[in-house]
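# Examination of the molecular architecture
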Amino acid sequence: KCVAKYELSSDIVSELKSKVDENNYDVSSKLVGKINKQTNYYLGDLEDYFKSVFKIYVNTMYKNKSLMNNFPNFEIELMGSWLNSQIESEYNPFHAHSNCTMSSVLYLDVPETINRDNFPDGWLHFSDGEFPIDRLKLEVGDYFALPKTGDFYIFPSTLRHFVYPFKGKDTRKSIAMNAKHKII
């Protein structure tokens with residue numbers, strides 16, 4: 001299973017931050033996160049931009065896996081997006097996403113207390129639940145990501161992931177998105 005990391009421009013991040021207050025419909029009860037403030041997030045004019053990034057991800061996956069000699073035409077459909085405003089001690093337990101083929105997380109604000117010295121506080125943890133028996137295989141069952149403002153991670157929706165709690169007075173803001181690709 002492949003996790004891709006894209007670094008978004010400061011212009012895109014600024015535009016996303018400017019829309020945070022426009023998105024205030026509480027969706028916490030529909031999500032597994034132990035986070036008090038989770039609200040819908042409307043991408044507006046940036047929807048096509050994110051569809052194109054998801055398309056790059058799918059193209060890369062098909063090419064890397066050599067799944068087909070004739071590369072299929074496909075389209076991307078965004079299935080939803082929401083803002084996570086995570087404060088001290090809040091977290092997202094291990095979970096995966098359904099009704100989509102890809103999930104993602106984009107970091108708008110990351111407190112300074114989330115850093116290498118405080119591992120794993122505030123880190124994003126991916127786990128495929130497998131442990132390689134043959135140590136010579138280049139397989140990793142777990143991957144830890146230190147979030148930074150502007151980082152955009154895309155991964156298969158079935159990949160379990162966990163967001164660790166952190167300490168500090170600042171708020172970590174991230175946008176989660178689900179998408180699916182459909183061959184046309």
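Structural data are supplied above this passage.
Keep in mind the model is a prediction, meaning the values are calculated, not measured.

## Topic: unusual backbone geometry
Here the bond from F119 into P120 is cis, since omega is 5°, no more than 30 degrees from zero. Within the element layout of this structure, P120 appears in the loop between β5 (102-109) and β6 (124-127). A positive phi is found at S89, a non-glycine position, where the angle reads about 75°. Within the element layout of this structure, S89 appears in the loop between β3 (74-86) and β4 (92-95).

## Some points on the sheet that holds β6
Taking strand neighbours across the sheet as the criterion, the 4 strands line up as β4-β9-β6-β7 in an open arrangement whose pairing is antiparallel. Every other strand in the sheet has two partners, leaving β4 and β7 (142-145) as the edge strands with one partner each. For this sheet the average axis-to-axis angle between neighbouring strands, irrespective of direction, equals 15°.

## Brief notes about the nonpolar core
If you look at the biggest cluster of nonpolar residues, it comprises 28 residues, and the most contacted ones within it are L16, F50, F54, L106 and F152. Among the secondary structure elements, those contributing two or more residues to this core are α1 (10-18), α2 (47-65), β3, β5, β8 (151-156) and β10 (172-183). When residues in this core are grouped by element, the largest group, 7 residues, is from α2. Residue contacts for F50: discarding those within four places in its chain leaves L8, I12, L16, L43, L106, F152 and M177. Core analysis: the next-biggest nonpolar cluster, separate from the first, contains 16 residues, I114, A145, V163 and Y164 among them.

## Side note on a negative patch on the surface
A surface patch of negative charge is lined by D11, E15, D45 and D48. Summarising the element assignment, D11 is placed in helix α1. Of the residues examined, D11 reaches a relative accessible area of 61% and is grouped as exposed.

## Some points on the pattern of salt bridges
Counted under the stated rule, the structure contains 7 salt bridges. Note that K5 and E7 form a salt bridge whose closest N and O atoms lie 3.9 Å from each other. K5 is the salt-bridge partner of D151, the closest N and O atoms lying 3.8 Å from each other. Linking D151 in strand β8 with K5 in strand β1 (residues 4-7), this pair joins segments that are 146 residues apart in sequence. Owing to a relative accessible area of 40%, K5 belongs among the partly exposed residues under this scheme. The network of salt bridges with common partners includes K5, E7 and D151.

Calculation rules
Residues numbered from 1 in each chain as written. Predicted model: local features only at pLDDT ≥ 70, side-chain atom pairs only at ≥ 80, totals over all residues. Heavy atoms only, no water. Helix = DSSP H or I, 4+ residues; strand = E, 2+ residues; numbered from the N terminus. Pairing = 2+ DSSP bridges. Axes fitted to C-alpha atoms, helices over the stretch in contact; angles between N-to-C directions. Core = buried A, V, L, I, M, F, W, Y, C linked by side-chain atoms within 4.5 Å. Buried < 20%, exposed > 50% of the residue type's maximum accessible area, 1.4 Å probe, protein only. Contact = heavy atoms within 4.5 Å. Patch = residues over 30% accessible without salt bridge, like charges linked within 9 Å, V, L, I, M, F, W, Y side chains within 5 Å. Areas by Shrake-Rupley, 256 points an atom, 1.4 Å probe, with all protein chains shown as cover. Salt bridge = Lys/Arg side-chain N within 4 Å of Asp/Glu carboxyl O. Lys, Arg positive; Asp, Glu negative; His and termini not counted. Charge placed at Lys NZ, Arg CZ, Asp CG, Glu CD.

The analysis is restricted to geometry; functional conclusions fall outside its scope.
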